[in-house]
Amino acid sequence: MEGDWLKQQIADWGISLTEEQLSQFEVYYQHLVETNQWMNLTAITDHHEVYVKHFYDSLTIIRHIPIKQIQTVIDIGTGAGFPGIPLKIAFPHIRLVLLDSLKKRIGFLQEVVNKLNLKQVDCIHGRAEDWGQSQGLRESFDLVTARAVARLNILAEYCLPFAKVGGRFIAMKGSLIEDEVSEAKKALVQLGNATVKTINLSLPEGMGDRHLLLIEKKKKTPKIFPRRAGIPAKQPLK
């Protein structure tokens, strides 16, 4: 059973999943692959691969942050809910916001939240540039996550405005990131005097190399950021 595999893999991290949590992961998987037949959510549908490349991968974050001290999380450009929903299943105490620009994906995520009976989860439709200026969300989160949404200098403008001063932003990336980190350093300073630490990791069974970019926000983000929708991608900070 894939749930048993996941439970064993993360036990070394000091995490013990209950039967209810294992059931939630399996219901999530089933709904993901069923919905994926008519909605493009993921290219990965094999049972074991989903557990490795989506569920396990999402949970790698917790090895590098004090997750039990984190109360509020927003997942930007969440897509099919990674890493936000796996984090919420494993750590029910967090208050989670899932933000995505595609309305039908938000509909899918709300179905998952309902099926899993997850509490304190808000699924929000819209763009990060717009919601990043919202008084209710701006500089309100202990942790901001994003998984391979854009290059870091663009992604940081989407994400850092949501983080509290002293909060963290984690960008989940693939294997080639050196140039991306280098080109983003000035942008990180502009967006909150933020520093970045690169963490290398490999998925089990040779299923790929990953990088976590752990970014700590030291100052408030200037009010001009994020700029209007579309501008960060067209005119990246340098």
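As shown above, the structure is provided for reference.
Along every chain, residues carry numbers that run from 1 in the direction the sequence is written. Reporting in this predicted model follows two pLDDT cut-offs: at least 70 for local features of residues, and 80 or more for side-chain atom pairs to be given and counted; totals over whole chains, interfaces and linings ignore these cut-offs and use all residues. By convention in this description, side-chain values take in all heavy atoms of the structure and omit both hydrogens and water.

Undergrad: Kindly report on the overall build of the protein chain, identifying the contributing residues and their values.
TA: Secondary structure summary: the protein chain contains nine helices and seven strands in total. Values of the radius of gyration come from C-alpha atoms, whereas the globule rule sets the reference at 2.2 Å times the count of residues to the power 0.38. A compact globule built from 238 residues would reach a C-alpha radius of gyration of about 18 Å, and the protein chain, at 17 Å, matches this within 12%. Dimensions of the protein chain, computed from C-alpha atoms along their principal axes, come out at roughly 50 × 35 × 30 Å. Burial classes follow relative accessibility: with a 1.4 Å probe on protein chains only, a residue under 20% of its type's maximum area counts as buried, one over 50% as exposed, and anything between as partly exposed. Looking at the protein chain residue by residue over its 238 residues, the buried ones come to 58%. Note on contacts: a residue pair qualifies if any of its non-hydrogen atoms lie within 4.5 Å across the two residues. A separation of at least 24 residues holds for 70% of the contacts in the protein chain among residues at least 6 apart in sequence. Carbon and sulfur atoms make up 47% of the accessible area of the protein chain, which totals about 10,900 Å². Think of it this way: Lys and Arg go in the positive column, Asp and Glu in the negative one, and His and the chain ends go nowhere. By convention, the point assigned to a charge is CZ for Arg, NZ for Lys, CD for Glu and CG for Asp. In the protein chain, 31 side chains carry a positive charge and 26 a negative one; their mean positions are 10 Å apart. Counting from the N terminus, the helices are DSSP H or I runs at least four residues long and the strands are E runs at least two residues long. For the accessible areas, the method is Shrake-Rupley and the probe is 1.4 Å, while residue cover comes only from the protein chains on display.

Undergrad: Explain the pairing of strand S3 (residues 121-125) to me, using residue names and the numbers behind them.
TA: When DSSP locates at least two bridges between a pair of strands, those strands are taken to pair. In this sheet, S3 lies alongside strand S2 (residues 95-100) in parallel orientation, the contact comprising five bridges. Along S3, the bridge assignment pairs Leu-98 with Cys-123.

Undergrad: Describe the packing of helix H1 (residues 2-11) against helix H2 (residues 19-35), naming the residues involved and giving the relevant values.
TA: To get an axis, fit a line to the C-alpha atoms, keeping to the stretch in contact for a helix; angles then go from 0 to 180 degrees between the N-to-C directions. Put simply, H1 and H2 touch, their axes get as near as 9 Å, and they point 120 degrees apart. By the criterion of interaxial angle, the relationship of H1 to H2 is oblique. H2 is crossed by H1, and the crossing has right-handed handedness. Residues Gly-3, Asp-4, Leu-6 and Lys-7 of H1 lie in contact with H2, whose contacting residues are Glu-19, Leu-22 and Phe-25. Angle categories are assigned with fixed cut-offs, so that under 35 degrees is roughly parallel, over 145 is roughly antiparallel, 65 to 115 is roughly perpendicular, and the rest are oblique. For any helix crossing, the convention is left-handed if the near helix is rotated counterclockwise from the far helix by under a right angle, and right-handed if that rotation is clockwise.

Undergrad: So, the layout of surface pockets: which residues are in play, and what are the values?
TA: Any residue with an atom within 4 Å of a point lines the site, the site being either a cavity, points on a 1 Å grid over the protein atoms alone where a 1.4 Å probe fits but cannot get out, or a pocket, an open set with protein on both sides within 12 Å along at least 5 of 7 lines. Grid points are joined across faces, edges and corners, and a volume is the space filled by probe spheres set on the points. As a volume, the largest pocket reaches approximately 240 Å³. Around the largest pocket, the lining residues are Ile-76, Gly-77, Leu-99, Asp-100, Ser-101, Arg-105, Gly-126, Arg-127, Ala-128, Glu-129, Val-149 and Tyr-158. Secondary-structure elements contributing two or more residues to the lining of the largest pocket are S2 and helix H6 (128-131). Each residue receives one of three labels: charged for Asp, Glu, Lys and Arg, nonpolar for Ala, Val, Leu, Ile, Met, Phe, Trp, Tyr, Cys and Pro, and polar for the others, Gly being one of them. Here the residues of the lining of the largest pocket sort into five nonpolar, three polar and four charged.

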